[in-house]
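# A structural walkthrough
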Amino acid sequence: MVKVEHIGVAVRSLSESIPLFSKLLQAECYKTEEVESEKVRTAFFRQGETKIELLESAEADGVIARFLEKKGEGIHHIAFEVEDIREEMQRLKKEGFVLLNEEPKAGADNKLVAFLHPKNTNSVLIEICQEKKLDMNY
Ligand code: ZN
């Protein structure tokens, strides 16, 4: 794994949390994006090498809505950048981690992503992500 690419924070309202994190980080939100497959709206801040991804549920039954119901607002996941997501998925599987998706899927911010089941990672939801390249055929 290359670095912590971003930390995902579940929030109830992007319109309230974007100005809050702007103030906190002294940085502007550089991108907002809806990820339809996950039923979330995201907002990104850059902080050096790492980003903060705010996540708001786009629908009442989305993963973030369920997370907020159970745990309230707060840190939702840690995302690590990897060189080769398929290779890393294979490695993690061999190590006994449980992947939540068998194939890399399209995430926010031009990434291919995969998640690990938190039951094997001390209840921390781990995302691995790889920048999508132009020559990729998946
Ligand atoms: Zn993420």
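Our subject is the structure that appears above.
Residues numbered from 1 in each chain as written. Predicted model: local features only at pLDDT ≥ 70, side-chain atom pairs only at ≥ 80, totals over all residues. Heavy atoms only, no water.

This part takes up the sheet that holds strand E2 (residues 31-35). Spatially, eight strands are ordered E2-E3-E4-E1-E5-E8-E7-E6 in an open sheet, and the strand pairing comes out mixed. Only two strands of the sheet have a single neighbouring strand rather than two, namely E2 and strand E6 (105-107). Adjacent strand axes in the sheet meet at a mean angle of 35 degrees, parallel and antiparallel pairs treated alike. Across the sheet, helix H1 (residues 14-25) is in contact with strand E1 (3-10), E2, strand E3 (40-47) and strand E4 (50-57); its angle to E3 comes to roughly 5 degrees. Running at roughly 155 degrees to strand E8 (residues 126-131), helix H3 (residues 85-94) makes contact with strand E7 (111-116) and E8 of the sheet. (Pairing = 2+ DSSP bridges. Helix = DSSP H or I, 4+ residues; strand = E, 2+ residues; numbered from the N terminus. Axes fitted to C-alpha atoms, helices over the stretch in contact; angles between N-to-C directions. Contact = heavy atoms within 4.5 Å.)

Once that is clear, we can look at the pattern of salt bridges. Summed over the entire model, instances satisfying the criterion amount to 16 salt bridges. Between Arg86 and Glu103 there is a salt bridge, with the nearest N and O atoms lying 3.1 Å from each other. Placement of Arg86 in helix H3 and of Glu103 in the loop between H3 and E6 is noted, with a sequence separation of 17 residues between them. Each of Glu5, Lys31, Glu33, Lys51, Asp109, Lys111 and Glu131 takes part in a single network of salt bridges with overlapping partners. (Salt bridge = Lys/Arg side-chain N within 4 Å of Asp/Glu carboxyl O.)

Here the phi dihedral of Lys39 falls at roughly 55 degrees; this positive angle occurs in a residue that is not glycine. Positionally, Lys39 belongs in the loop between E2 and E3. The class for Lys39 is partly exposed, based on a relative accessible area of 25%. Phi at Asn122 is positive, roughly 55 degrees, even though this residue is not glycine. Considering the arrangement of structural elements, one finds Asn122 in the loop between E7 and E8. (Buried < 20%, exposed > 50% of the residue type's maximum accessible area, 1.4 Å probe, protein only.)

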